[in-house]
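Residue-level structure breakdown
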Amino acid sequence: MGISAVRSRATTAVLAMLLVGGCSVKSQPTLPTSERGRGDLIKAAQQMLVDRCMTARGAGGPPPGQEALFGTGPAELSVTLATGYTVRMHTDGCLAEAHRFLYGDQARWFRAEVTVNNLRPEAQARLTEDPGYRAALARRAACPDEDNRCARASGLDELRARLEPVRLAEVRAAHREEIATYYQLRDRALHRAAGLLAGQPIPHQKDRAPS
């Protein structure tokens, strides 16, 4: 008997044991292939979780109870960005509960998401550290309104186009741990969302990979 035949019989035997034991072999939900589709899937799952939570708390229906949705009292989570802004979030609202289900660690996800969403603003803030950029900014500010020729002559647009990618690369390197955490937890949320919504309509079905 050949090796392939032995393997085939062994596989059949394992499947038979699973079926006899009351187990079934389930295929993994098909995940969207586009970034938009992935985002839509997670948002749909988050909305379902929030709706369930709001209903359980007796705060469902329009308009939703803001305290039940976002939480009450001082925000427990906060991230102060390099730009000087501080972003805060509660841990006791239905939105926070949905995040814990999808991402596992709400605090890690919050820090990673806020950081990743503000990489470009941080890079733009770093532009002002360049003396040449500050000089071009001053020349542009001195231009009369609607004077496009003066604005072009300031050289600000060209300088920004040259420097911003460099600063963005620096910012990405500085936050590589947060970026890695962002994609790790987002992948987890994607799979949790797919499992939750299996068999239910998902926005942008055309973005899903063929099964």
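Notes on the structure follow. Everything numeric here is computed off the predicted structure, so don't read it as measured data.

About the cut-offs
Residues numbered from 1 in each chain as written. Predicted model: local features only at pLDDT ≥ 70, side-chain atom pairs only at ≥ 80, totals over all residues. Heavy atoms only, no water. Phe/Tyr/Trp six-rings, centres within 6.5 Å; stacked < 30°, edge-to-face > 60°. Buried < 20%, exposed > 50% of the residue type's maximum accessible area, 1.4 Å probe, protein only. Helix = DSSP H or I, 4+ residues; strand = E, 2+ residues; numbered from the N terminus. Polar contact = N/O pair within 3.5 Å; in protein donor to acceptor, adjacent residues only side chain to side chain. Contact = heavy atoms within 4.5 Å. Expected span 1.5 Å × (residues − 1). Bend = angle between axes of the 7 residues up to and from the residue. Disulfide = S-S within 2.5 Å.

Concerning the packing of aromatic side chains
One pass over the structure, following the stated rule, counts three aromatic pairs. Ring geometry for Tyr103 against Trp109: centres 3.9 Å apart, planes inclined by 5°, an arrangement best described as stacked. In this structure Tyr103 comes out as buried when scored by relative accessible area, which is 6%. Seen from their ring centres, Tyr182 and Tyr183 are 5.1 Å apart, and the 90° between their planes marks the pair as edge-to-face.

What to know about the side chain of Gln106
Tracing the sequence through the fold places Gln106 in helix 5 (residues 106–117). Of the residues examined, Gln106 reaches a relative accessible area of 5% and is grouped as buried. Of the polar contacts made by the side chain of Gln106, one reaches the backbone oxygen of His90; its length is 3.0 Å. Apart from the residues lying within four places of it in its own chain, the contact partners of Gln106 are Leu77, Met89, His90, Thr91, Ala96, His99 and Arg100.

With respect to helix 9 (residues 156–174)
In this model, helix 9 (19 residues) spans 26 Å end to end at C-alpha, consistent with the 27 Å of a helix rising 1.5 Å per residue. The largest bend in helix 9 amounts to roughly 30° and is located at Leu163, with the proline Pro165 lying one to four residues further along. In this structure, the buried residues of helix 9 make contact with helix 6 (119–126) and helix 7 (131–141).

Some thoughts on the side chain of Arg186
Among the secondary structure elements, Arg186 is positioned in helix 10 (residues 176–196). There is a polar contact of 2.9 Å between the side chain of Arg186 and the side chain of Glu35.

A short note on the state of the cysteines
Enumeration over the complete set of coordinates arrives at two disulfides. Here Cys53 pairs with Cys94 through a disulfide, and the sulfurs are 2.1 Å apart. Judged by the sign of its S-S torsion, about -75°, the bond between Cys53 and Cys94 is left-handed. Remark: Cys94 occurs in helix 4 (residues 94–103) and Cys53 occurs in helix 2 (residues 35–56); sequence separation between them is 41 residues.

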